Protein chains: 2
Amino acid sequence: MEKVFFVICDGLGDRPIEKFGRKTPLEAADTPNLDKLARKGISGMLHPVDIGVRPGSDVAHLSLFGYNLKTDYTGRGPFEAAGIGMDARPGDICLRVNAATVNKDSVVIDRRAGRIDDTSEISDLLDGTVIEGIRICLKPGTGHRMVLVMRGKNLDAAIADVDPHSVGIKVKACKAVKNNKKAKRTARVLQKFLTYAHKKLLVLDSNKERKRLGKFEANYLLSRGAGVYPNLPSFEEKYGLKAVCVAGAGLYKGIGRLLGMDVVEVEGATGKADSNIAAKVRKAISLKSKYDFFFIHFKGTDILGEDGDCEGKKQFIEKIDAALKPLVNMKDILLVATADHSTPCSLKAHSADDVPVVIASPRVRDDDVEKFGERACAHGRLGAIRGKHLMPIIIDLLGMAKLVGA
Amino acid sequence: MEKVFFVICDGLGDRPIEKFGRKTPLEAADTPNLDKLARKGISGMLHPVDIGVRPGSDVAHLSLFGYNLKTDYTGRGPFEAAGIGMDARPGDICLRVNAATVNKDSVVIDRRAGRIDDTSEISDLLDGTVIEGIRICLKPGTGHRMVLVMRGKNLDAAIADVDPHSVGIKVKACKAVKNNKKAKRTARVLQKFLTYAHKKLLVLDSNKERKRLGKFEANYLLSRGAGVYPNLPSFEEKYGLKAVCVAGAGLYKGIGRLLGMDVVEVEGATGKADSNIAAKVRKAISLKSKYDFFFIHFKGTDILGEDGDCEGKKQFIEKIDAALKPLVNMKDILLVATADHSTPCSLKAHSADDVPVVIASPRVRDDDVEKFGERACAHGRLGAIRGKHLMPIIIDLLGMAKLVGA
């Protein structure tokens, strides 16, 4: 059975760019290895969720891994908690938190506290607070990002974001979005904690120092994306494949952990455009004998798309292409390359546009697509598939699909 | 945000015609502007409802506008009522009615009373009749067409057509199609009304005069298509786009009204093959600053398909092409051209054949389709979509799609 190398270039898909002669960054990039992969494999276009659906990265990945979005997706929080390796358990309420700056009227001045680069002092101060019998854990993520986990009885994740998602307006009160006792209790406890945290942060020495230096103080915790930590079947239980996640950015490590994959650290894998992605590919290859399935995630394409940096996105795609060379040249593997969604540089955000996908293996019915790109892959024999179709196709190519009927 | 011009050529799709060298009327027509649109945009084939489903125009339009056919489509009657601007309200039972001719044995002699051109005398005679506490409103449509609305308590639209849909057989008794009291009561009241109407029409002076002139008398009301007037979210509520309907034929104005669109009248817009369709396009363009979404409907293609007039259909398509020239040449709009279904000239009726669709905007991933036609668009990058996908694609291209997940 071939080992599966499953490469996700985050936000790879794009729209025509005038300065590239209406090519997309992928079409404009010089990608000899991805093109070779297209020639070897079967290509198509993939709607991560469905036609016209604009997915977040968390939902898109769950869809690509064949999980049921209706039952298995509970919100962003659990992915963030898993992403930083927090000890979250099924039933815990998980939230993404920004260390932020508010003025004396609780108006948000900066949603990222001047992009503060370390929040471990804040988490040390507040982690483990207990309110109404609920234990609140707070851990630092990268930069201004933190994760909050509430553990205890009678909790419900149906609470609204406190983060107003823009500056110049007041912090929202934490409210239940469902009219039930558990949600109301959860909102009340969280509100008490956020108010308590605000008081403690206002008098923190480091905040006084930041103020003196003219920097934004990290004096408020803006929470959002509450979700209950789900109890998912692991990827291995679902597919019988021992899987490893090779990712730089927290969310994608979180997806790997949520699905029970081993998550390996790679030096220089930053989850940003400067990431040493070749090292990630080498790491995966070095583990070839130990796993059946390698989830390799590259984040730079999405970040550069959100920055509207089409030239940078094109260059990052060329860097991906070079990094994939050893995989493309391996004969005995099943290699998939695709994206979780499009992030058009002109939109600077996710879109619902479909993304190219190629599957190469010795067994696959290859087609006559010669280039890996949005327009080229539309002519591929795989046609227009949905994210949920990808894993079943792979499992069938591995000869592991269950027979339906007899 | 681009303004959306959404052009529906009713029944545009067709099948090969021998005298056109097995081209369809669209393929045989000279359509420089639609072809230019195909070059500018992304093309594909659209199944109005689903593969193999042969839709009526009402259902097809609801599907194209992204409404849920299972919950939002209640029958043809409400569309007809809305089409002639009747004061129908959610809960009313609406029916399409033909003024028709029966002989003394209640056998249908002519389903359209010799295509009588005005039924206002009939509606004046019978409108406002009250039976068992149910108020029955009757209003004239075009020609032999009328609309009947029943208002009152304990009604159910689950009643069968009285119209036998062919001549030489007896009018059907009005029967409930569900075994419930409300449906039985509705059928009973309607039957009483139709019998009462028959008696009154038999002695109408104008019918005596028609008889004397050897014309078919308008002596019976053939009802069909009963449906409860639905309570739909408006198009603007659903999509955040202020919409206007530019149509000639009643049904399509009705669709516009049902969806809360403004409906504008255009001089010379007849809803037939002689319609001044260029004036409709000019009218839409003149309103460009006032609306976000322009539903422009051309009926002639469907009528000529139902007449089996392939030469006429081809010429009408050329007329559409010329009328669309100013829209095709506008750079800052999102222009969609498609059909609600196929009406093959060889079939003289709707078919389930898919229809070509093209979407052009500065943002769209254009493809290499160079002609707007059934075979050419099948090579387009949009692939094979369903009617329900069209609005989500448009909303995403406008940058207005909600993110699913985070």
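Check the entry above for the structure.
Presented here is a report on the structure given in the accompanying data block. Every value quoted in this text rests on a predicted model; they were computed, and no experiment measured them.

The rules behind the values
- Residues numbered from 1 in each chain as written.
- Chains lettered and ligands numbered in written order.
- Predicted model: local features only at pLDDT ≥ 70, side-chain atom pairs only at ≥ 80, totals over all residues.
- Heavy atoms only, no water.
- Helix = DSSP H or I, 4+ residues; strand = E, 2+ residues; numbered from the N terminus.
- Rg over C-alpha atoms; globule rule 2.2 N^0.38 Å.
- Buried < 20%, exposed > 50% of the residue type's maximum accessible area, 1.4 Å probe, protein only.
- Contact = heavy atoms within 4.5 Å.
- Patch = residues over 30% accessible without salt bridge, like charges linked within 9 Å, V, L, I, M, F, W, Y side chains within 5 Å.
- Areas by Shrake-Rupley, 256 points an atom, 1.4 Å probe, with all protein chains shown as cover.
- Salt bridge = Lys/Arg side-chain N within 4 Å of Asp/Glu carboxyl O.
- Lys, Arg positive; Asp, Glu negative; His and termini not counted.
- Charge placed at Lys NZ, Arg CZ, Asp CG, Glu CD.
- Pairing = 2+ DSSP bridges.
- Axes fitted to C-alpha atoms, helices over the stretch in contact; angles between N-to-C directions.
- Least-squares fit on C-alpha atoms with pLDDT ≥ 70 in both.
- Buried area = accessible area lost by both parts, 1.4 Å probe.
- Polar contact = N/O pair within 3.5 Å; in protein donor to acceptor, adjacent residues only side chain to side chain.
- Phe/Tyr/Trp six-rings, centres within 6.5 Å; stacked < 30°, edge-to-face > 60°.
- Lys NZ or Arg CZ within 6 Å of the ring centre and 35° of its normal.

Brief notes about the overall build of chain A
Item 1. When you go through chain A residue by residue, the secondary structure sums to 15 helices and 15 strands.
Item 2. Radius of gyration (C-alpha) of chain A: 22 Å, near the 22 Å computed for a compact globule of 406 residues.
Item 3. Counting only C-alpha atoms and orienting by the principal axes, one finds that chain A spans roughly 65 × 55 × 40 Å.
Item 4. When each of the 406 residues of chain A is scored for burial, the buried share is 58%.
Item 5. Across chain A, contacts joining residues at least 24 apart in sequence account for 72% of those joining residues at least 6 apart.

A short note on a negative patch on the surface
Residue and element names in this part refer to chain A.
Item 1. A grouping of Asp 117, Asp 118, Glu 121, Asp 124 and Asp 205 is seen on the molecular surface, where their side chains present a negatively charged patch.
Item 2. Within the secondary structure, Asp 124 sits in helix H6 (residues 120-126).
Item 3. The exposed category is assigned to Asp 124, whose relative accessible area is 64%.

Notes on the sheet that holds strand S10 (residues 243-246) of chain A
Residue and element names in this part refer to chain A.
Item 1. Judged by pairing direction, the sheet is mixed, and its eight strands sit side by side in the order S11-S10-S12-S1-S13-S14-S2-S15 without closing on themselves. Because the sheet does not close on itself, it has two edges, and the strands there are strand S11 (262-263) and strand S15 (383-386).
Item 2. Sheet topology note: the S10/S11 ladder contains two bridges and is parallel. Following the sheet pairing, Val 244 is matched in S11 by Asp 262.
Item 3. Relative to the sheet, helix H2 (residues 32-40) contacts strand S2 (42-47), strand S13 (333-338) and strand S14 (355-360), its axis offset from that of S14 by approximately 65°.
Item 4. Across the sheet, helix H15 (residues 387-397) touches strand S1 (3-9), S2, strand S12 (293-298), S13, S14 and S15, and the angle it forms with S15 is around 100°.

Some thoughts on the relation of the copies chain A and chain B
Item 1. After a rotation of 120° and a shift along the axis of 0.4 Å, chain A superposes on chain B with an RMSD of 0.3 Å. Taken together, the rotation and translation describe the operation of a three-fold axis.
Item 2. When you check the interface residues of chain A against chain B, a mere 3% turn up at the interface there too, and the two sides of the contact use different surfaces.

Structural notes on unusual backbone geometry
Item 1. With a phi angle near 50°, A:Glu132 is a residue other than glycine that sits in the positive phi range.
Item 2. Relative to the elements of secondary structure, A:Glu132 occurs in the loop between strand S6 (129-131) and strand S7 (134-140).

Re the interface of chain A and chain B
By convention, interface size is frequently given as the accessible area that disappears when the constituent parts associate.
Item 1. Across the boundary between the two partners, chain A contributes 30 residues, which contact 22 residues of chain B.
Item 2. Interface area, chain A with chain B, both sides summed: about 2,000 Å², of which 48% is carbon and sulfur.
Item 3. Taken as a group, A:Arg15, A:Ile51 and A:Arg54 account for 31% of the area that chain A buries against chain B, more than any other trio of residues on that side.
Item 4. Its salt-bridge partner being A:Asp354, residue B:Arg365 comes within 2.9 Å of it at the nearest N-O pair.
Item 5. Where chain A touches chain B, the interface holds 16 residue pairs in polar contact (both at pLDDT 80 or more).
Item 6. Secondary structure elements with two or more residues in the side of chain A that touches chain B: strand S3 (54-55), helix H3 (57-64) and helix H14 (374-377) of chain A.

Considering the pattern of salt bridges
All names here are of chain A.
Item 1. Taken as a whole and assessed by the stated rule, the structure comprises 57 salt bridges over all chains.
Item 2. Put simply, Arg 375 and Glu 27 hold a salt bridge, and the shortest N to O gap is 2.4 Å. Of this pair, Arg 375 sits in helix H14 while Glu 27 sits in helix H1 (residues 25-28); the two residues are 348 residues apart in sequence, bridging distant segments of the chain. Side by side, Arg 375 and Glu 27 carry an identical accessibility label, which is buried.

Here's the deal with the sheet that holds strand S10 (residues 262-263) of chain B
All names here are of chain B.
Item 1. The strand order across the open sheet formed by eight strands is S10-S9-S11-S1-S12-S13-S2-S14, and the pairing between neighbours is mixed. Only two strands of the sheet have a single neighbouring strand rather than two, namely S10 and strand S14 (383-386).
Item 2. Where strand S9 (residues 243-246) and strand S11 (residues 293-298) come together, four bridges link them in parallel fashion. The residue of S11 that forms the bridge with Val 246 is Ile 296.
Item 3. Along the sheet, helix H3 (residues 57-64) contacts strand S1 (3-9), strand S2 (42-47) and S11; its crossing angle with S1, the most-contacted strand, is approximately 155°.

What about the side chain of A:Arg54?
Item 1. By the element assignment, A:Arg54 lies in strand S3.
Item 2. Notably, A:Arg54 is buried but unbridged: the nearest opposite-charge side chain belongs to B:Asp396, and the N-O separation is 4.7 Å.
Item 3. Only 2.7 Å separates the side chain of A:Arg54 from the backbone oxygen of A:His350, close enough to count as a polar contact.
Item 4. Polar contacts involving the side chain of A:Arg54 include one to the main-chain carbonyl oxygen of B:Ala401, which spans 2.7 Å.
Item 5. With residues near it in sequence (within four places) discarded, A:Arg54 still touches A:Ala349, A:His350, A:Ser351, A:Ala352, B:Asp396, B:Ala401, B:Lys402, B:Leu403 and B:Val404.

Let's talk about the pairing of S1(A)
All names here are of chain A.
Item 1. By the criterion of burial, S1 is predominantly enclosed, with seven of the seven residues buried.
Item 2. By the alternation rule, side chains of S1 split into Lys 3, Phe 5, Val 7 and Cys 9 and Val 4, Phe 6 and Ile 8, which are all buried.
Item 3. In terms of strand pairing, S1 meets S13 through six bridges, oriented parallel. Within S13, the position partnered with Val 7 by the bridge is Ala 337.

With respect to the packing of aromatic side chains
Residues and elements named next belong to chain A.
Item 1. Under the criterion given, the structure shown has 20 aromatic pairs over all chains.
Item 2. Ring geometry for Phe 6 versus Phe 293: centroids 5.2 Å apart, planes at 40°, classification tilted. Taken together, the residues Phe 6 in strand S1 and Phe 293 in strand S12 connect sequence positions 287 residues apart.
Item 3. The side chain of Lys 238 reaches across the aromatic face of Tyr 67, ending 4.7 Å from its centre.

Quick look at a positive patch on the surface
All names here are of chain A.
Item 1. Residues Lys 36, Arg 39, Lys 40, Lys 325 and Lys 331 make up a contiguous surface patch of positive charge.
Item 2. In terms of residue count, the dominant contributor to the positive patch is H2 (three residues).
Item 3. Mapped onto the elements of the fold, Lys 325 is located in helix H13 (residues 310-328).

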